[in-house]
Amino acid sequence: MRIALIGSGAREHIIAERLATEDNELFSIMPKKNPAIAMLSKKYWVCDTNNQEAVVDCLKNEDIDVGFASPDATLAAGISDALEKIGILVASPTKAAARIEWDKEFMRSLMTRHKLAGSPKYHLVTDMDEAKSALKELEEVAIKPLGLTGGKGVRVTGDHLHSEQDAITYLNELLRKDGKALIEEKIEGEEFSLQAFCDGSRIATMPPVQDHKRAFEKDLGANTGGMGSYSTGKLLPFIEEKDIEHATKIMQSVVHSMKKDGTPFRGVLYGQFMVCKDGVRLIEFNARFGDPEAMNVLALLQNDLSDIFLSITDEKLETPQFKDACTVVKYIVPEGYPDKAIADSPVNVDIEKIEHNGGKVYFASVYEKDGKVYTTGSRAFATLGVSEQLEEAEMIAEECCKYVTGKIWHRRDIGTKELIEKKVEHIRKIRRNIG
Ligand code: AMP
Ligand code: GLY
């Protein structure tokens, strides 16, 4: 198969690795040259991946069989639709279907309209009076802009908002900028990500993963795109089978509702859930693989990813099988990340040592110039450890970080026994309190 992949992060690096098999040829389009993806590709282009014309120009004479647009902004720019228009089968959602991610108002109102359970209480506000009355009713809140913010736009009571005045100041900022904001009830619990392949009707879930959004160790600091993640390949240590069943049901019913509404979802649907005192709540949907979560699940996928993509386009979803193993991913970020990340700083990666150590490294927001690799203002590399034991997977991922050098840092605590035990205890406490 001749497969086109749009995107250039660590998530796309592992997607590229899984697509570039002996039977396939990979054609990549990237906003900046990711040297690792370029190496896996038969041909690659560097252009504005959110520009339909530019992407179509690259691919129109390449006789592509299947296309996959990966990042959120690219999906919101309608790149899947543009590929479809030139006769390519597409395994990523159309702009209309990806709206589930790029418009939080659409997502919440879809769930309300179809009477789907699982949302926190919420108010969509358009002025300060509405905002103040929502704050009064909900007390502890999560305040969100409606559009895409790379995971960085949400502020939560107690974490980022320390008084009513903080909430009002942030709401003022959002109302001035967008004219609207979402105020949700703050859910107390632990988060997990559930990703699923969808063919418009059916879904096939992947192992649940826990990402770590906060910038600093002990889950402190600003929200980021995600600093690292772990999975046991089955349940997470703090969730039960019934939590996964509940989350799967929410995802399946959203996919049914989207089909009914005439915007079927074909691609990868990502549900971000919070397990709380009385079940699970849906925090948000993404219309794509998670980043870093893609690395946790694709490392274990036993099927050929291109076959799954083709089965999505045929609406005959192939059931994915996953190896029974634990995975830990650690993101290496530039010094100063997330607020004042040092860009254009050279980094050295010793891939041989990393692989000798039993791990992998995926290239994220870096670029190559004159044979050297440089940081941008975003996450730079991800290391991956896979093992039957979570502790060992963590040790491998951590050890691999030693072989990436430059003005960079990473969270050492992700996937460690100590941090995971804290999460298990957190849920135990929340659930004990309701007796
Ligand atoms: P989002 O961009 O919607 O993924 O939100 C970013 C982060 O904000 C999430 O990973 C949560 O940690 C937090 N968050 C979002 N919504 C809520 C909520 N309703 N209650 C508590 N925390 C939330
Ligand atoms: N890891 C969170 C995301 O991909 O949005």
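Here's what I pulled together on the structure shown here.

## What to know about the site of ligand 1
Phase 1 of the analysis: Around ligand 1, the surrounding shell holds 16 residues, and the nearest of these are K144, I187, E191, Q272 and E284.
Phase 2 of the analysis: For ligand 1, an oxygen atom lies 2.7 Å from a polar atom in the side chain of Q272.
Phase 3 of the analysis: Coverage of ligand 1 by the protein chains reaches 95% of its 470 Å² of free accessible surface.
Phase 4 of the analysis: Only β7 (141–144), β9 (181–185), β16 (266–276) and β17 (279–286) provide two or more residues apiece to the shell around ligand 1.
Phase 5 of the analysis: Each residue belonging to the shell around ligand 1 can be placed in one class, and the counts come to six nonpolar, two polar and eight charged.

## Brief notes about helix α8 (residues 128–138)
Residues spaced three or four apart along an α-helix face the same direction, because each turn holds 3.6 residues.
Phase 1 of the analysis: Turning to α8, its buried residues are M128, A131, A134, L135 and L138. Projected onto a plane normal to the axis of α8, the buried residues spread over an arc of 120 degrees and lie on a single side. Summarising the geometry of α8, the exposed residues directed more than 90 degrees from the buried face are D129 and K136.
Phase 2 of the analysis: Buried positions along α8 lie against β6 (122–125), β7, α9 (164–178) and β9.
Phase 3 of the analysis: Backbone geometry just after α8 places E139 at a positive phi near 60 degrees.

## Observations regarding the environment of R99
Phase 1 of the analysis: Along the chain, R99 falls in helix α6 (residues 95–102).
Phase 2 of the analysis: For the pair R99 and F285, spaced 186 residues apart in sequence, the C-alpha separation works out to 9.6 Å.

## Overview of the site of ligand 2
Phase 1 of the analysis: The local shell around ligand 2 consists of D211, K213, G225, Y270, N286, R288, G290, D291, P292 and E293.
Phase 2 of the analysis: Within the side chain of N286, an N or O atom sits 3.3 Å from an oxygen atom of ligand 2.
Phase 3 of the analysis: Within the backbone of D291, one N or O atom sits 2.9 Å away from an oxygen atom of ligand 2.
Phase 4 of the analysis: Protein contacts shield 93% of the accessible area of ligand 2, which totals 200 Å² for the unbound molecule.

## Some points on the sheet that holds strand β22 (residues 372–375)
Phase 1 of the analysis: The four strands lie next to each other as β21-β22-β19-β24, forming an open sheet whose pairing is antiparallel. Every interior strand has two partners, whereas the edge strands, β21 (366–369) and β24 (404–406), have only one. For this sheet, the mean inter-axis angle between neighbouring strands, taken without regard to orientation, is 40 degrees.
Phase 2 of the analysis: The sheet contact formed by strand β19 (residues 346–349) and β24 spans three bridges and is antiparallel. Its bridge partner being in β24, N348 is matched across the sheet by T405.

## Some details on the side chain of E394
Phase 1 of the analysis: Relative to the assigned elements, E394 resides in helix α14 (residues 390–401).
Phase 2 of the analysis: By relative accessible area, which is 10% here, E394 ends up buried.
Phase 3 of the analysis: Within the structure, the side chain of E394 is placed 2.7 Å from the side chain of K330, a separation counted as a polar contact.
Phase 4 of the analysis: Apart from residues lying up to four places away in sequence, E394 is in contact with V328, K330, R412, I414, G415 and T416.

## Structural notes on the packing of helix α1 (residues 10–19) against helix α12 (residues 305–313)
Phase 1 of the analysis: One can describe the packing of α1 onto α12 by two numbers: an axis separation of 7 Å at closest approach and a directional angle of 95 degrees. On the basis of the axis angle, α1 is roughly perpendicular to α12. The segment α1 lies against α12, with I15, R18 and L19 engaging L305, S306 and F309.
Phase 2 of the analysis: Residue composition of the contact of α1 with α12, grouped by class: four nonpolar, one polar and one charged.

## Describing the pairing of strand β14 (residues 220–223)
Phase 1 of the analysis: Pairing of strand β13 (residues 214–216) with β14, which is carried by two bridges, proceeds in the antiparallel orientation. Bridge pairing links F216 to L220 in β14.
Phase 2 of the analysis: Counted along the chain from β13 to the antiparallel partner β14, the turn is three residues long, and its residue K218 has a positive phi close to 65 degrees.

## Here's the deal with the packing of aromatic side chains
Phase 1 of the analysis: Scanning all chains against the criterion turns up eight aromatic pairs.
Phase 2 of the analysis: Note on F68 and F289: the rings are 6.2 Å apart at their centroids and 55 degrees apart in plane angle, and the pair reads as tilted. Of this pair, F68 sits in strand β4 (residues 66–69) while F289 sits in the loop between β17 and α11 (293–298), and the two are 221 residues apart along the sequence.
Phase 3 of the analysis: Of the residues examined, F68 reaches a relative accessible area of 2% and is grouped as buried.
Phase 4 of the analysis: Owing to a relative accessible area of 0%, F289 belongs among the buried residues under this scheme.
Phase 5 of the analysis: Ring centres of F68 and F309 lie 4.3 Å apart, and the angle between their planes is 15 degrees; on these two criteria the pair is classed as stacked. Of the two residues, F68 is situated in strand β4 and F309 in helix α12; the sequence distance between them amounts to 241 residues.
Phase 6 of the analysis: Aromatic ring contacts, followed pair by pair, group F68, F197, F289 and F309 into a single cluster.

What counts as what
Residues numbered from 1 in each chain as written. Chains lettered and ligands numbered in written order. Predicted model: local features only at pLDDT ≥ 70, side-chain atom pairs only at ≥ 80, totals over all residues. Heavy atoms only, no water. Near = heavy atom within 4 Å. Polar contact = N/O pair within 3.5 Å; in protein donor to acceptor, adjacent residues only side chain to side chain. Areas by Shrake-Rupley, 256 points an atom, 1.4 Å probe, with all protein chains shown as cover. Helix = DSSP H or I, 4+ residues; strand = E, 2+ residues; numbered from the N terminus. Nonpolar A, V, L, I, M, F, W, Y, C, P; charged D, E, K, R; others polar. Buried < 20%, exposed > 50% of the residue type's maximum accessible area, 1.4 Å probe, protein only. Arc of directions from axis to C-beta. Contact = heavy atoms within 4.5 Å. Pairing = 2+ DSSP bridges. Axes fitted to C-alpha atoms, helices over the stretch in contact; angles between N-to-C directions. Parallel < 35°, antiparallel > 145°, perpendicular 65-115°, else oblique. Phe/Tyr/Trp six-rings, centres within 6.5 Å; stacked < 30°, edge-to-face > 60°.

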